[in-house]
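Listed below are the residues making up each chain.
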Amino acid sequence: MSLQAMRKPHRRGLTLRRAVDNTLTYTALVTMSFVFLFPCLWLILASFSKSGSLYDTRGFFPASYSLQTFAALFTDDVNGLYPYKRWFFNTLYVASMSCVLGTVLVILTGYVMSRFRFKGRDGIKRLTLVLGMFPGFMGMTAIYIIMAQLGLLNQLEALIFLYAGTAPMGYLVQKGYFDTIPFTIHEAARIDGATNLQIFTRITLPLSKPMIVYTALTQFAWPWSDCLLPKLLLKNREQWTVAVGLFSMPETHFSRFAAGSVFIAVPIVILYFCLVKHIVNGLTAGAVKG
């Protein structure tokens, strides 16, 4: 038997095995996608429910549909109980300010930990890793007492301070990205007489656009959807964020809850789709080194 004739059955076996593997893989991916997407689809359809109640459904879907719920979000606050417009602008204010301040602090922290060598640097890295192992809610009682003593309860600025102040704890991805920038570029700039600030602003930042975009988006998304801290610190209904307000709605206003959830998700989804290229580049480059 010739060598070519012996290879043909082997190739057929590999082709058949590859086809079976691909079929199983795509079947699993499609199934998982359906499992994750079905709740989102159900929530979107529920937001168009005409009756507004969770119990007025046919199976999983509303019995009748209407656009009235979305209009009522901004026109009818149900006697001041659900001022969605106020909640939305509160959330936008907190998320935007936290994004700006948090991004600056995280980028600066990552840059310093990447480019400078100083006493206690390794200890800070170890302490950051250890503290990152503890869940955030462990410090909620202490946060509430401190904010109460400082008179910062029911203040949106207190949320901004907390989100921005705790942001540098997650500097490791940014540090990993800065580690990928060759030191020779900075050394050449120093030979030309550039200061540390000039190196950072004129060389490092222009080369770090993917990481800046990734950091800004993550710093925006966290306050945008967080419910725990606003629920803890904001007692006045007028000061609530959207997440806290939606959490307070009963089952009889479920379509309003669903419409509010869909509306608040739209901006962040659009940002992700528009910036996905920079997000992936920043995240993968920042994971190269630690």
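Residues numbered from 1 in each chain as written. Predicted model: local features only at pLDDT ≥ 70, side-chain atom pairs only at ≥ 80, totals over all residues. Heavy atoms only, no water.

**Brief notes about the overall build of the protein**
What counts is decided by this rule: Runs of E in the DSSP output that reach at least two residues are strands. Runs of H or I that reach at least four are helices, and both are numbered from the N terminus. Relative accessible area decides the class of each residue, using a 1.4 Å probe on protein chains only: under 20% of the type maximum gives buried, over 50% gives exposed, and in between gives partly exposed. In this analysis, two residues are considered to be in contact whenever any of their non-hydrogen atoms come within 4.5 Å of each other.
Within the protein, the secondary structure is distributed over 13 helices and two strands. Expressed as a percentage of the 290 residues in the protein, the buried residues total 33%. Look at the contacts in the protein between residues 6 or more apart in sequence, and 75% of them connect residues 24 or more apart.

**Digging into the packing of aromatic side chains**
For any pair of aromatic rings, the description consists of the separation of the ring centres together with the inter-plane angle of the planes. Going by this rule: Think of it this way: a Phe, Tyr or Trp ring, Trp meaning its six-membered ring, pairs with another when their centres are within 6.5 Å, and the plane angle makes it stacked under 30 degrees, edge-to-face over 60, tilted otherwise. The criterion for a charge sitting over a ring is simple: Lys NZ or Arg CZ within 6 Å of the ring centre, and within 35 degrees of the ring normal.
Counting across every chain of the model gives 15 aromatic pairs. Consider the rings of Tyr177 and Phe178, whose centres lie 6.3 Å apart with planes at 80 degrees: the pair is edge-to-face. Grouping residues by exposure puts Tyr177 and Phe178 together as buried. One aromatic cluster is present, built from ring pairs that chain together Phe74, Tyr84, Phe88, Phe89, Phe220, Trp224 and Phe263. One residue, Arg115, lies across the ring of Phe183, its end atom 4.1 Å from the ring centre.

**Brief notes about the pattern of salt bridges**
As a reminder, the rule being used: The salt bridge definition used is simple: a Lys or Arg side-chain nitrogen within 4 Å of an Asp or Glu carboxyl oxygen.
Following the criterion strictly, the structure yields three salt bridges and no others. One salt bridge connects Arg86 with Glu238, and the closest N-O pair in it is separated by 3.2 Å. Taken together, the residues span a long stretch of sequence, with Arg86 in helix α3 (residues 84-115) and Glu238 in the loop between α11 (228-233) and α12 (242-247) at a distance of 152 residues.

**As for the packing of helix α9 (residues 196-207) against helix α10 (residues 209-225)**
Put simply, the test is: Axis geometry follows a simple rule: fit a line to the C-alpha atoms, using only the stretch in contact for helices, then measure angles between N-to-C directions, giving values from 0 to 180 degrees. The cut-offs work like this: below 35 degrees is roughly parallel, past 145 is roughly antiparallel, 65 to 115 is roughly perpendicular, and the gaps in between are oblique. Each residue is assigned to one class: nonpolar for Ala, Val, Leu, Ile, Met, Phe, Trp, Tyr, Cys and Pro, charged for Asp, Glu, Lys and Arg, and polar for all the others, Gly among them.
Across the interface, α9 lies against α10 with an axial gap of 5 Å and an inter-helix angle of 75 degrees. In terms of orientation, α9 and α10 fall into the roughly perpendicular class. Contacts between α9 and α10 pair Leu205, Pro206 and Leu207 from the former with Lys209, Pro210 and Ile212 from the latter. Residues belonging to the contact of α9 with α10 are distributed by class as follows: five nonpolar, no polar and one charged.

**Quick notes on the nonpolar core**
Generally speaking, a soluble globular protein has its nonpolar side chains buried in company with each other. The condition is simple: In plain words, nonpolar cores are sets of buried Ala, Val, Leu, Ile, Met, Phe, Trp, Tyr and Cys residues tied together by side-chain atoms within 4.5 Å.
With 32 residues, the main nonpolar core has Tyr84, Trp87, Leu159, Trp224 and Val242 as its most contacted residues. Of all the secondary structure elements, the ones that give two or more residues to this core are α3, α5 (140-149), α6 (156-166), α10, α11, α12 and α13 (254-286). In contact with Trp87, not counting residues within four places along its chain, are Leu81, Tyr82, Arg237, Trp240, Thr241, Val242, Gly245, Leu246, Ser248 and Met249. One finds Ile107, Tyr111, Phe178 and Ile203 within the second-largest nonpolar core, a separate group that totals eleven residues.

**A few points about the environment of Thr215**
Put simply, the test is: Between N or O atoms, a polar contact is any pair within 3.5 Å; within protein, one atom must be a potential hydrogen donor and the other a potential acceptor, and residues adjacent in sequence are included only when both atoms are from side chains.
Residue position: Thr215 is located in helix α10. Thr215 sits in the buried class, given a relative accessible area of 1%. Each C-alpha atom, one on Thr215 and one on Ile107, is 7.9 Å from the other, the two residues being 108 residues apart in sequence. Apart from the residues within four sequence positions on either side, Thr215 is in contact with Thr103, Val106, Ile107 and Gln174. Side-chain polar atoms of Thr215 contact the side chain of Gln174, separated by 2.8 Å.

**Some details on the confidence of the model for the protein**
Note the threshold: Predictor confidence is given residue by residue as pLDDT, running from a minimum of 0 to a maximum of 100.
Confidence in the prediction for the protein averages 81 pLDDT; 87% of positions are at 70 or higher. No element of the protein has a lower mean pLDDT than strand β1 (residues 57-58), which averages 64, and none a higher one than α3, which averages 91.

**Focus on the side chain of Ser261**
Position of Ser261 among the secondary structure elements: in helix α13. Discounting chain neighbours no more than four positions away, the residues touching Ser261 are Leu43 and Leu246.

**Comments concerning a nonpolar patch on the surface**
Keep this limit in mind: Note on patches: the residues involved have over 30% relative accessible area and no salt bridge, like charges join within 9 Å, and the nonpolar side chains Val, Leu, Ile, Met, Phe, Trp and Tyr join within 5 Å. Surface exposure here means Shrake-Rupley accessible area, sampled with a 1.4 Å probe, where a residue is shielded only by the protein chains that are shown.
The grouping of Leu127, Val130, Leu131, Met133, Phe134, Phe137, Met138, Met169 and Leu228 at the surface amounts to a nonpolar patch, some 950 Å² of accessible area in total. It is helix α4 (residues 121-131) that provides the largest number of residues to the nonpolar patch, a total of three residues. Inspection of the secondary structure assignment puts Phe137 in the loop between α4 and α5. We classify Phe137 as exposed; its relative accessible area is 55%.

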